[in-house]
Amino acid sequence: MCCNDAAVPLQHRMCGRDLTGRRNFNAHSLLFFSTLPCSQIHSLITEKENRRNVAQTNNTALNRIQLLGRVGQDPVMRQVEGKNPVTIFSLATNEMWRSGESEVFQAGDITQKTTWHRVSVFRPGLRDVAYQYVKKGARIYVEGKIDYGEYTDKNNVRRQATTIIADNIIFLSDHIKEKV
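Residues numbered from 1 in each chain as written. Predicted model: local features only at pLDDT ≥ 70, side-chain atom pairs only at ≥ 80, totals over all residues. Heavy atoms only, no water.

A. Here's a closer look at the nonpolar core. With 16 residues, the main nonpolar core has F89, V119, V121, I140, V142 and I169 as its most contacted residues. Going through the elements one at a time, β1 (65-71), β3 (83-98), β4 (110-121), α3 (124-133), β5 (139-152) and β6 (158-171) are the ones with two or more residues in this core. Residues within four places of V121 in sequence aside, it is in contact with P85, V86, T87, F89, L126, R127, A130, A166 and I169. (Core = buried A, V, L, I, M, F, W, Y, C linked by side-chain atoms within 4.5 Å. Buried < 20%, exposed > 50% of the residue type's maximum accessible area, 1.4 Å probe, protein only. Helix = DSSP H or I, 4+ residues; strand = E, 2+ residues; numbered from the N terminus. Contact = heavy atoms within 4.5 Å.)

Below you can see the structure in the form of structure tokens.
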């Protein structure tokens, strides 16, 4: 309600809304706001708070990946110095597109590219299930994050490696049934 005309410092002159608790406003801004009509000050404060919330959201980052493909090799479990066991396997994803300009479909117009991904599973329960049930040729869905790293090979050359760190695996084909 805009019925309070009391002139209290750092309060709105008409509605009495306390302006001192607002972050990111200096004393000069607050005094200026106290002279504005209620509707304007409320919308300005809300707008500034919304911009601050968006700025906080923009500071967050996201590293998520979703892959759907076929397993290229049976998984192996590795362990370095008795710590951090990891299950590792490769996953192939295919990308297909039309290469011709023609509107009519022709068999030669389709181009396919296969990309291989190295998948590592560190989560204890998932790591063991992946090692036991992921098999070459199985169709699976993997969720996780991308990890970029470096290592030195046998010839003392520094190499870069991209790995998918899986935190969820969904089995889409029963590989045992497919072989029968």
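B. How the structure looks around the pairing of β5. Judged from the six bridges that link them, β1 and β5 form a sheet pairing that is antiparallel. Residue I65 lies in a different strand from β5, and its bridge partner there is G144. Bridge count for β5 against β6 is 13 bridges, and the pairing is antiparallel. Looking at the pairing, Y151 lines up with R159 of β6. A loop of five residues connects β5 with β6, the two strands running antiparallel in sequence, and N156 in this loop sits at a positive phi of about 65°. (Pairing = 2+ DSSP bridges.)

C. Just α3, in detail. Here α3 has its buried residues at L126, R127 and A130. All buried residues of α3 lie within an arc of 105° about the axis, which places them on one face of the element. Those residues of α3 hidden inside the fold are in contact with β2 (76-80), β3, β4 and β6. (Arc of directions from axis to C-beta.)

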